[in-house]
Amino acid sequence: MGDMVFPGGLRPDGLPAALSAPERLAAVRATGLLDTGPEGPFDDLARLAAAVTGCGRALITLVDERRSFWKSCIGVNAADAAGRQNPVRESFCYFLVGLGGAPFVIEDAAADPRTSSHPSVRPMKIGAWAGYPLLTPGGQVLGSMCVIDENPHPWQPEELATLAAMARAVSNEINLRTSLAAAQDALALAETALATSSALARSLQDSLLPPVLRPVPGLEAAASYLPAAGGTTVVGDFYDLFHARGPWWCTVMGDVCGKGTEAAKVTALARYSLRAEATQHLSPAVVLTHLNRALLDQRGGDRFLTAVYATFRATPGGVAGRLCTAGHPPALIRRADGCVREAGRPGSLLGFLPDVDLADVRFRLAGGDVLLLYTDGATDARPRSADGGTGPLFGPDALAAVLAGCAGLDAAGVIARLDEILARHCGGWASDDTALLALRVPPGPAT
């Protein structure tokens, strides 16, 4: 371990004391993953991490006080649970635990003083190692997601960013399972647990939406999410806005078929897969094609989703980008003069068939222009009638008309106006969950 200092000190055997912390060990046991077999969701993410970094091995591990258990081990021939683990002293994962969840990245394991004397460097042919922690919502370190190269490896920022995103995806999957299992146990104990389950469902839904949109230089962004009236089930509507690489940014709006735990799993897979693929491909159609393959590999066609995805960059005149629609309502562009048109070409939904028909469509936004993404909860909004039935749909024409009337409003104002009109149409009763996201290029100074 060289001269490394672990904040929690050392055990008598010289390993980090944090390995034996009771709260951490309880969290590891609560996952229910120790000594279990391989599973598609974890293997898919590990395989993607290995492919993106070009490494021969990728592992997802759970670490207790004495061993590192490999829930997934891509590139390692280990058929049974007994072979998918090693003593914690022989694992690099104890560094992550001892450092309180900080990533641990080694470019030359044999030369780095932190690892040169580690007992696994030569037997396991570890030339380079990069690992990111698996964390509970409370910050307990469950284990790691790591990639291993047989040779020294100068890690690139894009590789590490992707590995960090994959580790967050694995953490999300584990925490979702743990939280839902806890909710189910509570429901079995008492009828009052229904309220807890409802709050958990909404909390899980909120965790799949970015709470605050990341600022994009030179661009306004705003979004809203309105749950269906009385809805407490986790649903599949999601949106995201994130930096890809260089000058390029990405935004997505998606809708997973169905509700509940399985829809939440697909939503999490989609969001984190899109972020990872965006670092490798600038074509929205290529990114969505790869997501389609991941959905089929993991879900076997039992869940599909629709999405509209755009990649864009700032230009001297505003924004230029490409957009792809996969079975989703078309995006709308409002020009500064109030003209509204649809953007994108209809394409195949994702996760249903191996061959998809997807195409990129170029778009530009100038000063005062707005790009609006939305789920079908907006166009399908309808009021509840006095006899318990439902009234007329709001419809795509009405949505375009409201957007056309948003003259002078910034992105937040556009979203607020749409929310207000939709609520008025429904009389405060939303028949379906609705997500909206607006990007607006601020108008230039008056001349």
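Residues numbered from 1 in each chain as written. Predicted model: local features only at pLDDT ≥ 70, side-chain atom pairs only at ≥ 80, totals over all residues. Heavy atoms only, no water.

Asks: Is there a simple way to think about the overall build of the protein in this case?
Replies: For the protein, the helix and strand inventory stands at ten helices and 16 strands. By residue count, 52% of the 447 residues in the protein fall in the buried class. Here the analysis covers contacts within the protein between residues at least 6 apart in sequence; of these, 67% occur between residues at least 24 apart. With an accessible surface of roughly 18,500 Å², the protein has 55% of that area assigned to carbon and sulfur atoms. (Helix = DSSP H or I, 4+ residues; strand = E, 2+ residues; numbered from the N terminus. Buried < 20%, exposed > 50% of the residue type's maximum accessible area, 1.4 Å probe, protein only. Contact = heavy atoms within 4.5 Å. Areas by Shrake-Rupley, 256 points an atom, 1.4 Å probe, with all protein chains shown as cover.)

Asks: Could you clarify how one ought to interpret the pattern of salt bridges in this entry?
Replies: Oppositely charged side chains may form a pair once their charged atoms are brought near each other. The final tally for this structure, using the stated rule, is 14 salt bridges. The residue Asp 64 makes a salt bridge to Arg 67 at a minimum N-O spacing of 3.2 Å. As a salt-bridge pair, Glu 420 and Arg 424 come within 2.8 Å of each other at their nearest N and O atoms. Of this pair, Glu 420 and Arg 424 both sit in helix H10 (residues 411-426), separated by four residues, roughly a single helical turn. (Salt bridge = Lys/Arg side-chain N within 4 Å of Asp/Glu carboxyl O.)

Asks: What's the story with the packing of helix H9 (residues 396-404) against H10 in this structure? I'm lost.
Replies: Describing two packed helices takes the angle between their axes plus the distance from one axis to the other. Where H9 contacts H10, the two axes come as close as 10 Å, and the packing angle between them is 135°. As summarised for this structure, H9 and H10 are arranged oblique, according to the angle between their axes. The handedness of the crossing between H9 and H10 comes out as right-handed. Contacts between H9 and H10 involve Leu 399, Val 402 and Leu 403 on the former and, on the latter, Val 414, Arg 417, Leu 418 and Ile 421. Considering only residue class, the contact of H9 with H10 consists of six nonpolar, no polar and one charged. (Axes fitted to C-alpha atoms, helices over the stretch in contact; angles between N-to-C directions. Parallel < 35°, antiparallel > 145°, perpendicular 65-115°, else oblique. Left-handed = near helix turned anticlockwise from the far one by under 90°. Nonpolar A, V, L, I, M, F, W, Y, C, P; charged D, E, K, R; others polar.)

Asks: Is there a simple way to explain the environment of Ser 68 in this structure?
Replies: Locating Ser 68 in the fold gives a position in strand E2 (residues 67-74). In this structure the C-alpha to C-alpha distance between Ser 68 and Phe 92, which are 24 residues apart in sequence, comes to 9.1 Å. Not counting residues within four places of it along the chain, the set of residues in contact with Ser 68 comprises Thr 61, Leu 62, Val 63, Arg 84, Gln 85, Asn 86, Val 88, Ser 91 and Cys 93.

Asks: Please clarify how the packing of aromatic side chains should be interpreted in this entry.
Replies: The relation between two aromatic rings is expressed through the spacing of the ring centres and the mutual angle of the planes. The full count for this structure, using the stated rule, is eight aromatic pairs. Relative to Phe 104, the ring of Phe 92 lies with its centre 6.5 Å away and its plane at 75°, an arrangement referred to as edge-to-face. A residue pair is termed long-range when its members are at least 10 positions apart, and Phe 92 in the loop between strand E3 (85-87) and helix H3 (93-98) and Phe 104 in strand E4 (residues 104-106) qualify at twelve residues. (Phe/Tyr/Trp six-rings, centres within 6.5 Å; stacked < 30°, edge-to-face > 60°.)

Asks: Even after reading the chapter, I still don't get the sheet that holds strand E16 (residues 434-440), so can you show me in this structure?
Replies: Within a sheet, each strand pairs with its neighbour through backbone hydrogen bonds, oriented either parallel or antiparallel. The strand order E7-E16-E15-E12-E13 describes an open sheet built from five strands, whose pairing is antiparallel. Strands with a single pairing partner mark the edges of an open sheet, and in this sheet they are strand E7 (220-226) and strand E13 (340-343). Here the average twist between neighbouring strands, direction ignored, is 20°. Of the pairings in the sheet, the one linking strand E15 (residues 370-374) to E16 comprises five bridges and is antiparallel in character. Each bridged residue has a counterpart across the sheet, and for Tyr 374 the counterpart in E16 is Leu 436. Sitting on the sheet, H9 touches strand E12 (331-334), E13 and E15, and the angle it makes with E12 is about 30°. Relative to the sheet, H10 contacts E7, E15 and E16, its axis offset from that of E16 by approximately 150°. (Pairing = 2+ DSSP bridges.)

Asks: What exactly am I supposed to notice about H9 here?
Replies: An α-helical turn contains 3.6 residues, so any two residues separated by three or four positions project in the same direction. Taken together, the buried positions of H9 are Leu 399, Ala 400, Val 402 and Leu 403. Looking straight down H9, one finds that the buried residues subtend no more than 160° of arc, so they occupy a single side. Tucked into the core, H9 has its buried residues touching E12, E13, E15, helix H8 (376-379) and H10. (Arc of directions from axis to C-beta.)

Asks: Help me out: how do you make sense of the sheet that holds E2 in this one?
Replies: Strand order in the open sheet made by the six strands is E3-E2-E1-E6-E5-E4, with antiparallel pairing throughout. At either margin of the open sheet sits one strand with a lone partner, and together these are E3 and E4. In this sheet, adjacent strand axes meet at a mean angle of 25° when their direction is disregarded. Alignment of E2 against E3, held across three bridges, turns out to be antiparallel. Residue pairing across strands places Phe 69 opposite Gln 85, the latter belonging to E3. Contacting strand E1 (57-63) and strand E6 (141-149), helix H1 (residues 22-30) crosses the sheet at an angle of about 75° to E6.

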